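So the chains spell out like this:
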Amino acid sequence: MNTLYLDIGATDTTAVLSLPDGGESRWHLPIGWAVLWPGPVGPSGPSALAIEQAIQTVEDQVERLAGHIPAGARLVVAAGAMAPLQRAGAIWGLAHEAIARAQIEREYQQLAARSVGAPSAKGSGFDDPAGDALVLILRECLHHLGFDAVHLTAA
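A. Just the overall build of the protein chain, in detail. The secondary structure content of the protein chain amounts to 3 helices and 8 strands. The N-to-C order of helical and strand elements in the protein chain reads β-β-β-α-β-β-β-β-α-α-β. When burial is assessed residue by residue, the protein chain has 43% of its 155 residues classed as buried. Approximately 7500 Å² of the protein chain is accessible, and the part contributed by carbon and sulfur atoms is 53%.

Structure follows, in structure tokens:
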């Protein structure tokens, strides 16, 4: 099975496409969970403008992969890389082996709502602003590369 493994770091992301024949393709993307928000992030998260700029930055990088990912490939991320997805110290979404695209999309919608001060989004933020950046990166990968879930691996 074709697998796209993402190693999402603070300042960059490495994408490795493993092919059934043992071959692989590798890309270095200058996007990471600590660099998407250019200024200080308030308690409600990044501003709507910061989110729009981050979306464009991530889309520009993810689009580099679009023509290289075979249909039916799986998107895999190390479970440990999901540490920024914490609320009140509990790691969100790690009780399962995969996080569905719909679940990531709901988190993104909460991020967008928080950025404009929507009362319905109060208390939906992660303990660390890196969680919002991680959601944005995963959402754009799922959306632009055609995956239906993020599969988690121990390694």
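B. Looking closely at the packing of aromatic side chains. Counted under the stated rule, the structure contains 0 aromatic pairs. Across the ring face of Tyr108, the terminal group of Arg139 is positioned such that the distance to the ring centre comes to 3.8 Å.

C. Up close: the packing of helix α1 (residues 48–62) against helix α3 (residues 130–145). Remark: α1 packs on α3, axes separated minimally by 10 Å, with the N-to-C direction vectors making an angle of 50°. What the angle tells us is that α1 and α3 run oblique. Between α1 and α3 the crossing geometry is right-handed. Residue-level inspection shows Ile51, Ala54, Ile55, Val58, Glu59 and Val62 of α1 in contact with α3, the latter providing Leu136, Ile137, Glu140, Cys141, His144 and Leu145. Counted by class, the contact of α1 with α3 contains 9 nonpolar, 1 polar and 2 charged residues.

D. Main features of the pattern of salt bridges. One pass over the structure, following the stated rule, counts 4 salt bridges. Arg26 serves as the salt-bridge partner of Glu24, at 3.1 Å between the closest nitrogen and oxygen. Taking relative accessible area as the criterion, Arg26 reaches 54% and is therefore assigned exposed. Arg139 is the partner of Glu140 in a salt bridge, and the nearest nitrogen-oxygen pair spans 2.8 Å. In this structure Glu140 comes out as buried when scored by relative accessible area, which is 1%. Among the ionic contacts, a cluster of salt bridges with common partners joins Glu105, Arg139 and Glu140.

E. Broad picture of α1. Over its 15 residues, α1 extends 21 Å from the first C-alpha to the last, a length consistent with the 21 Å expected when each residue adds 1.5 Å. Residues of α1 that are buried include every one of Ala50, Ile51, Ala54, Ile55, Val58, Gln61 and Val62, and no others. All buried residues of α1 project into a common sector of 135° when viewed along the axis, lining one side. Here the buried face of α1 lies against β3 (24–29), α2 (101–115) and α3.

F. Structural detail: the nonpolar core. Core analysis: the biggest nonpolar cluster contains 41 residues, and Leu4, Leu36 and Met82 have the highest contact counts within it. Of all the elements, α3 adds the most residues to this core, at 9 residues. Discounting residues that sit within four places of it in the chain, Leu36 has contacts with Ile31, Ala54, Val58, Ala133, Leu136 and Ile137.

G. Structural context of α2. The first and last C-alpha atoms of α2 sit 21 Å apart over 15 residues, in line with the 21 Å expected at 1.5 Å per residue. When we look at burial in α2, the residues that qualify are Ile104, Glu107, Tyr108, Leu111, Ala113, Arg114 and Ser115. Looking at the packing, one finds that the buried side of α2 touches α1, β5 (86–87), β7 (98–100) and α3.

Basis of the calculations
Residues numbered from 1 in each chain as written. Predicted model: local features only at pLDDT ≥ 70, side-chain atom pairs only at ≥ 80, totals over all residues. Heavy atoms only, no water. Helix = DSSP H or I, 4+ residues; strand = E, 2+ residues; numbered from the N terminus. Buried < 20%, exposed > 50% of the residue type's maximum accessible area, 1.4 Å probe, protein only. Areas by Shrake-Rupley, 256 points an atom, 1.4 Å probe, with all protein chains shown as cover. Phe/Tyr/Trp six-rings, centres within 6.5 Å; stacked < 30°, edge-to-face > 60°. Lys NZ or Arg CZ within 6 Å of the ring centre and 35° of its normal. Axes fitted to C-alpha atoms, helices over the stretch in contact; angles between N-to-C directions. Parallel < 35°, antiparallel > 145°, perpendicular 65-115°, else oblique. Left-handed = near helix turned anticlockwise from the far one by under 90°. Contact = heavy atoms within 4.5 Å. Nonpolar A, V, L, I, M, F, W, Y, C, P; charged D, E, K, R; others polar. Salt bridge = Lys/Arg side-chain N within 4 Å of Asp/Glu carboxyl O. Expected span 1.5 Å × (residues − 1). Arc of directions from axis to C-beta. Core = buried A, V, L, I, M, F, W, Y, C linked by side-chain atoms within 4.5 Å.

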